[in-house]
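Okay, here's what each chain looks like letter by letter:
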Amino acid sequence: MIENNNLPEIEKQKFNFDNGIKFITKLLTNNWRPLLLLALGVYIPLQIFELMAVKLLQYETGFPFDVPILLSIHETANPQLNVFAVTLAKIGSPKTLVPVLLLINLLLVFSKRWRLSAYLLTAGLGSATINHAAKIFFHRVRPHLWESIYHEGSFAFPSGHSMASFTFAAILIVLAWHTRWRLLAFIFGAAFVPGVAWTRLYLGVHFPSDIIAGWLVATAWVVGVYAIIQPHKSQTILTNQEV
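Rules and cut-offs
Residues numbered from 1 in each chain as written. Predicted model: local features only at pLDDT ≥ 70, side-chain atom pairs only at ≥ 80, totals over all residues. Heavy atoms only, no water. Helix = DSSP H or I, 4+ residues; strand = E, 2+ residues; numbered from the N terminus. Buried < 20%, exposed > 50% of the residue type's maximum accessible area, 1.4 Å probe, protein only. Areas by Shrake-Rupley, 256 points an atom, 1.4 Å probe, with all protein chains shown as cover. Contact = heavy atoms within 4.5 Å. 1 Å grid on protein atoms, 1.4 Å probe; cavity = no way out; pocket = protein on both sides within 12 Å on 5 of 7 lines; lining within 4 Å. Points joined across faces, edges and corners; volume = space filled by probe spheres on them. Nonpolar A, V, L, I, M, F, W, Y, C, P; charged D, E, K, R; others polar. Axes fitted to C-alpha atoms, helices over the stretch in contact; angles between N-to-C directions. Parallel < 35°, antiparallel > 145°, perpendicular 65-115°, else oblique. Left-handed = near helix turned anticlockwise from the far one by under 90°. Salt bridge = Lys/Arg side-chain N within 4 Å of Asp/Glu carboxyl O. Expected span 1.5 Å × (residues − 1). Phe/Tyr/Trp six-rings, centres within 6.5 Å; stacked < 30°, edge-to-face > 60°. Lys NZ or Arg CZ within 6 Å of the ring centre and 35° of its normal. Patch = residues over 30% accessible without salt bridge, like charges linked within 9 Å, V, L, I, M, F, W, Y side chains within 5 Å.

A. Just the overall build of the protein chain, in detail. A count of helical and extended segments in the protein chain gives nine helices and zero strands. Listing each helix as α and each strand as β along the protein chain from the N terminus yields α-α-α-α-α-α-α-α-α. For the protein chain, the proportion of its 243 residues judged to be buried stands at 40%. Roughly 14,900 Å² of accessible area belongs to the protein chain as shown, and the carbon and sulfur atoms make up 68% of that amount.

Here's what the structure looks like:
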């Protein structure tokens with residue numbers, strides 16, 4: 001009988017392979033929730049945004065649903081809605097929401113909620129920075145189907161108001177998650193985010209695709225930052241070792 005001198009080495013490699021498979025399986029099983037969160041909250045929104053961006057770069061006219069939706073909403077215009085839309089647009093502006101977030105952050109700093117503070121600053125300021133860079137990159141002009149009562153000077157894609165309002169609402173939900181105010185934060189976000197988006201269409205300063213793109217980017221950003229910082233990992237004051 002011929003002895004196989006490589007048998008121990010083969011068995012060792014098989015043992016390492018089996019252990020590797022078990023480790024990967026256990027890792028994926030134990031972390032399926034954050035992986036699912038990243039897939040649904042980051043990967044899919046960015047994939048959809050990429051498709052929209054490529055379409056926009058190829059065809060400057062935009063999407064076939066943009067103009068019909070704007071014209072349909074414009075038919076509802078009246079003086080009372082004009083006042084309401086302008087007021088809500090000012091409230092939902094990044095120029096309003098970013099200072100509000102900074103004030104909230106001061107409260108978090110004073111109470112030494114470092115993780116929540118880090119999440120708020122990264123999500124809030126990062127969203128505003130991404131939006132500014134994206135507007136410059138895509139260089140999409142705003143619609144001019146009628147003379148708007150609310151003038152904007154920057155580019156359109158993606159919508160800054162949509163990103164800011166979505167990010168603001170998401171941050172509030174994260175802050176309120178372990179409190180009795182969680183449901184109220186959800187209700188506020190469910191009304192505030194679409195409301196601000198409506199003002200952009202009603203005032204004729206954004207295409208619907210700008211709004212959708214803003215929501216997609218904001219979703220990917222706030223979820224990605226949440227997965228990295230894990231603001232609820234420690235709801236108590238961080239120890240010196242964590243700092």
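From this point, the discussion proceeds with the structure in view.
B. Broad picture of the side chain of Thr 199. For Thr 199, the location among the structural elements is in helix α8 (residues 182-202). Once you skip the residues sitting within four places of it in the chain, Thr 199 turns out to touch Ala 85, Leu 88 and Ala 89.

C. Expanded view of empty space enclosed by the protein. For the structure shown, the criterion picks out two cavities of 30 Å³ or more. Empty space within the largest cavity amounts to approximately 60 Å³. Lining of the largest cavity is provided by Leu 97, Val 98, Leu 101, Gly 124, Ser 127, Ala 128, Ala 164, Thr 167 and Phe 168. Mapped by element, the contributors of at least two residues to the lining of the largest cavity are α5 (94-110), α6 (114-138) and α7 (160-176). For the lining of the largest cavity, a count of residues per class yields six nonpolar, three polar and no charged. The volume enclosed by the second largest cavity comes to roughly 30 Å³. Lining the second largest cavity are Val 98, Leu 101, Leu 102, Leu 120, Leu 121, Gly 124 and Leu 125. Mapped onto the lining of the second largest cavity, the elements with two or more residues apiece are α5 and α6. In terms of residue count, the dominant contributor to the lining of the second largest cavity is α6 (four residues). Looking at the lining of the second largest cavity residue by residue, the class counts come to six nonpolar, one polar and no charged.

D. Summary view of the packing of α6 against helix α9 (residues 208-229). Put simply, α6 and α9 touch, their axes get as near as 10 Å, and they point 150 degrees apart. By the angle between their directions, the pair α6 and α9 is classed as roughly antiparallel. The hand of the α6/α9 crossing is right-handed. Here α6 contributes Arg 115, Ala 118, Tyr 119, Thr 122, Ala 123, Gly 126, Ser 127 and Ile 130 to the contact with α9, which in turn contributes Val 217, Trp 221, Val 222, Val 225, Tyr 226 and Ile 229. Taken together, the residues of the contact of α6 with α9 sort by class into ten nonpolar, three polar and one charged.

E. Local environment of the pattern of salt bridges. Under the defined criterion, the tally for this structure stands at two salt bridges. The partner of Arg 140 in a salt bridge is Asp 66, and the shortest N-O contact between them spans 3.1 Å. Here Arg 140, found in the loop between α6 and α7, pairs with Asp 66, found in helix α3 (residues 66-74); they are 74 residues apart in sequence, far enough to count as distant. A relative accessible area of 5% means that Arg 140 is categorised as buried.

F. Looking closely at α8. For α8, with 21 residues, the first-to-last C-alpha span of 30 Å sits near the 30 Å given by 1.5 Å per residue. Elements in contact with the buried residues of α8: α3, α4 (79-91), α5, α7 and α9. Positive backbone phi, at 70 degrees, marks Gly 204, one or two positions downstream of α8.

G. Main features of the packing of aromatic side chains. Following the criterion strictly, the structure yields twelve aromatic pairs and no others. Taking 5.7 Å as the distance between ring centres and 15 degrees as the angle between the ring planes, the aromatic pair formed by Phe 49 and Phe 157 counts as stacked. Here Phe 49, found in helix α2 (residues 32-58), pairs with Phe 157, found in the loop between α6 and α7; they are 108 residues apart in sequence, far enough to count as distant. In terms of burial, Phe 49 and Phe 157 fall into one category: buried. Through a chain of ring-to-ring contacts, three or more aromatic side chains come together here, namely Phe 49, Phe 137, Phe 138 and Phe 157. Here Arg 182 stacks its cationic end above the ring of Trp 177, 4.6 Å away from the centre of that ring.

H. Just a nonpolar patch on the surface, in detail. Together, Leu 36, Leu 40, Tyr 43, Ile 44 and Ile 48 line one region of the surface with nonpolar side chains, adding up to about 470 Å² of accessible area. Mapped onto the elements, Ile 44 comes out in helix α2.

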